[in-house]
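Survey of secondary and tertiary structure
In case you want the letters, here they are:
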Amino acid sequence: VRHGVDPDIFKPSGAARNELFHATTSITHWERKGTLELVRAYRNLRRIGVELPKLVVRVPLRSRPPFDVELDDDVEVEMGHSLQPDRFAKRLGSVSAVVCPSRGEGLGIIPIESRLSGVVPILTNCSGHIEHVDHDTDVIIEHGDLTDSWPGDIGLAPEVLIEDIEDALIRFVEEGSSRREVLLTKRASLAKVWSWESVLRPLVEVVDWLSRR
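Please read all numbers here as calculations on a predicted model, not as lab measurements.

Let's talk about the pairing of strand 5 (residues 120–124)
- The element strand 5 is largely enclosed, with a buried count of five among its five residues.
- Alternating residues of strand 5 divide into V120, I122 and T124 and P121 and L123, and every residue in both groups is buried.
- Bridge count for strand 4 (residues 97–100) against strand 5 is four bridges, and the pairing is parallel. If you follow V98 over to strand 5, its bridge partner there is P121.
- As for the winding sense of the linkage, the β-α-β connection from strand 4 through helix 4 (residues 109–116) to strand 5 is right-handed.

Points about the pattern of salt bridges
- Under the criterion given, the structure shown has ten salt bridges.
- Note that D134 and K186 form a salt bridge whose closest N and O atoms lie 2.8 Å from each other. With a gap of 52 residues between them, D134 in the loop between strand 5 and strand 6 (139–141) and K186 in helix 5 (residues 162–194) connect regions that are remote in the sequence.
- Looking at D134, the relative accessible area reads 9%, which means it is buried.
- The shortest N-O distance in the salt bridge between R179 and E175 comes to 2.9 Å. Highlighted residues: R179 and E175, both in helix 5, separated by four residues, approximately one helical turn.
- Classification of R179 as buried rests on a relative accessible area of 17%.
- Overall, the relative accessible area of 25% leaves E175 in the partly exposed class.

Focus on a negative patch on the surface
- A cluster of acidic side chains, namely E142, D145, E159, E163 and D167, defines a negative patch on the protein surface.
- As for its position among the elements, E142 is in the loop between strand 6 and strand 7 (146–148).
- Exposure remark for E142: the relative accessible area of 46% places this residue in the partly exposed category.

Focus: the confidence of the model for the protein chain
- Mean pLDDT for the protein chain: 89, with 92% of residues reaching 70 or above.
- The least confident element of the protein chain is helix 1 (residues 30–33), whose mean pLDDT is 78; the most confident is strand 6, at 98.

Overview of the environment of H81
- Within the secondary structure layout, H81 lies in the loop between strand 3 (75–80) and helix 3 (85–92).
- Residues H81 and R58, 23 residues apart in the sequence, show an inter-C-alpha distance of 9.6 Å.
- If we ignore the near neighbours within four places in the chain, the residues touching H81 are R58 and L61.

Concerning helix 4
- Within helix 4, eight of the eight residues are buried, leaving the element largely enclosed by the surrounding structure.
- A positive phi of about 75° marks G118, the residue just after helix 4.

Some details on the side chain of S102
- As for its position among the elements, S102 is in the loop between strand 4 and helix 4.
- A polar atom in the side chain of S102 sits 3.4 Å from the backbone oxygen of R32.
- Look past the residues within four positions of S102 in its chain and what remains in contact with it is R32, K33, T124, C126 and H129.

So, how was this worked out
Each chain has its residues counted from 1, following the order in which its sequence is written. Side-chain atom pairs in this predicted model are given and counted only at pLDDT of 80 or more, local residue features only at pLDDT of at least 70, and totals for whole chains, interfaces and linings cover all residues. Hydrogens and water molecules were not included; the side-chain quantities draw on all heavy atoms of the structure. In this scheme, a residue with accessible area under 20% of its type's maximum is buried, one over 50% is exposed, and one in between is partly exposed, where area comes from a 1.4 Å probe on protein chains only. Each helix corresponds to a stretch of at least 4 residues labelled H or I by DSSP, and each strand to a stretch of at least 2 residues labelled E; elements are numbered beginning at the N terminus. By definition, two strands form a pair when at least two bridges between them are found by DSSP. We call a crossover right-handed when, viewed with the strands running away from us, the connection from the first strand over the helix to the second turns clockwise. We define a salt bridge as a contact between a side-chain nitrogen of Lys or Arg and a carboxyl oxygen of Asp or Glu at a distance within 4 Å. Here the term patch refers to residues with relative accessible area over 30% and no salt bridge, with like charges joined within 9 Å and nonpolar side chains (Val, Leu, Ile, Met, Phe, Trp, Tyr) within 5 Å. Residue exposure ignores everything except the shown protein chains as possible cover, and the areas themselves are Shrake-Rupley values with a 1.4 Å probe. Only four residue types enter the tally: Lys and Arg on the positive side, Asp and Glu on the negative side; His and the chain ends are excluded. By convention, the point assigned to a charge is CZ for Arg, NZ for Lys, CD for Glu and CG for Asp. A score between 0 and 100, pLDDT records how confident the predictor is in each residue. What makes two residues a contact is simply this: any of their non-hydrogen atoms within 4.5 Å. For the purposes of these results, a polar contact is taken to be a pair of N or O atoms within 3.5 Å, where, inside protein, one atom must be able to donate a hydrogen and its partner to accept one; residues adjacent in sequence count only when each atom of the pair is a side-chain atom.

Written as structure tokens, this is what we have:
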């Protein structure tokens, strides 16, 4: 059963859009989520004068990010518990884009929530993201061949390079406004596909069939 979204909660807002937002729910998965590479790519671009919104990295409460936040005031670490859908939807409504340079996802629900909120996703087209990536609305982060998921793990995940994230961030600067316009026109159809009513329909049919046996 795929994860679903409530279109009545995740919807476009009129809030100011002045942040790039990246969230990770597990401090042990920095290597898999591409968090460190994102921060380095962002700082590289800022260093050469590329104008980007502030980068906000949301991490679990009391975790310690594996990078020096003091190096750049334009990178903010936001610590806290996982937010309930209504509060997370409000958080998404305040950002310019959601950045998901993940090397491994079961599905990757944040980009779906982002699209329904009228926020352009910047994401990899690999792992679970393949199930829902939209080339008309999304800014794609290229990925490479399979390599170790993270130190000590026996699994594999596609490699995501800093320079590929840099390229995607630059493309967002150039194309973000036009992609958001397309996203808003497609929002209704996306909501229909990814609503809980739609994604749970196969399960409902199975349960209904079993109840009649």
